[in-house]
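# Fold and contact review
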Amino acid sequence: MKKRYLLFAGLAVLLSASACRQETAGQAESAIEQADSATVVLRLQQCSRIYSTEYKIHKIITNRDQMKLEGNIINRKVDMPIPSGTRKIAIPIDVVIKGYTDLSQISEKNIKVEGKKISIILPDPQFAVTAVKIDRKNIAQTAELMRSRYQEQDINRLTRQGVNSLHKDLPWNEFLETARSNAAYTLFPILQAMGFKEIHIQYRDNLKEDSKESLLLFKTIEERKS
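Now for a look at the structure at hand. The shown structure was predicted, so the numbers you read here are calculated from the model rather than taken from an experiment. (Residues numbered from 1 in each chain as written. Predicted model: local features only at pLDDT ≥ 70, side-chain atom pairs only at ≥ 80, totals over all residues. Heavy atoms only, no water.)

## Notes on the nonpolar core
We apply this condition: Within this scheme, the nonpolar core is defined by two criteria: the residues are buried Ala, Val, Leu, Ile, Met, Phe, Trp, Tyr or Cys, and they are joined through side-chain atoms within 4.5 Å. Exposed residues in this analysis have more than 50% of their type's maximum accessible area, buried residues have under 20%, and partly exposed residues fall in between, with area computed by a 1.4 Å probe over protein chains only. The helix and strand labels rest on DSSP assignments: H or I over at least four residues marks a helix, E over at least two residues marks a strand, and numbering proceeds from the N terminus. Contacts: residue pairs with any heavy atoms within 4.5 Å of one another.
Core analysis: the biggest nonpolar cluster contains 23 residues, and Ile91, Val95 and Ile97 have the highest contact counts within it. Every element with two or more residues in this core is listed here: strand E1 (49-73), strand E2 (76-102), strand E5 (126-134), helix H4 (152-164) and helix H5 (172-193). With 5 residues, E2 is the single largest residue contributor to this core. Leaving out residues up to four positions away in the same chain, valine 95 has contacts with Tyr55, Lys56, Ile57, Val129, Ala131, Val132, Val163 and Leu166. Listed in part, the 22 residues of the second largest apolar core include Ala35, Cys47, Ile190 and Met194.

## Points about the pattern of salt bridges
To be explicit about the condition: The term salt bridge refers to a pairing of a side-chain nitrogen on Lys or Arg with a carboxyl oxygen on Asp or Glu at a separation within 4 Å.
Counting across every chain of the model gives 10 salt bridges. Among the ionic pairs, lysine 98 bridges to glutamate 54, the shortest N-O distance being 3.8 Å. Separated by 44 residues along the polypeptide, lysine 98 in strand E2 and glutamate 54 in strand E1 bring together distant segments of the chain. The partner of arginine 136 in a salt bridge is glutamate 152, with the nearest N and O atoms 2.9 Å apart.

## Let's talk about the sheet that holds strand E3 (residues 111-114)
Going by this rule: Two strands pair if DSSP finds at least two bridges between them. Note on geometry: axes are lines fitted to C-alpha atoms, helical ones only across the stretch in contact, with angles between N-to-C directions running from 0 to 180 degrees.
With respect to topology, 3 strands assemble into an open sheet ordered E3-E4-E7, the strand pairing being mixed. Of all strands in the sheet, those with a lone pairing partner are E3 and strand E7 (198-203), marking the two edges. Each strand axis lies, on average, 10° off the axis of its neighbour in the sheet, ignoring direction. Summarising the sheet, E3 and strand E4 (residues 117-122) pair through 4 bridges and their orientation is antiparallel. Bridge pairing in E4 places isoleucine 111 opposite isoleucine 120. The strands touched by helix H3 (residues 37-47) within the sheet are E3 and E4, with E3 carrying the most contacts at an inclination of about 130°. Contacting E4 and E7, H5 crosses the sheet at an angle of about 150° to E7.

What follows is the structure in structure tokens.
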């Protein structure tokens, strides 16, 4: 399958407004006195997810399907193309992938508080496919005499295969670093509002290469309406 990518990265921080709004000066002052590890865990867990990156990917999925005669004739294996039995298709799709940090996974073992100093190890970023749109107006396909055109179920099946193959080609190291940096920058003002003056935010450094595929979660395919 041939692919074409157009990437846009941006900060898209979506926090629960009620849980993560900055405190007033008086609230921050009282938070200094009681901000132990348990308090910080509770406050961050209320924030739920920090969406820190968004990538928009344009991809063209191509497929060539050749009808063949296969079987055995007089104990001889037959595998030959049938004349006028080819069909081809190109399906343009737009995929949106968002990176987020799930703060509900934080526990006291990930946090160390020493007075006004705090050190936090954040969970690994996760990535979700939040939208897949098929540009049906620009689908191009041809079918020779012996073949029927691609049907709706064929287009959806090929689209799912194309989206599922994304993890093989995306620049995961770049995605991870951007998601980590943006999440850390987002947390700084929240922790400062809790009264901390020295803040250290880090991630574990043993994220395995083969675990990156599991970071990508998929949602239902949507048809482009325009």
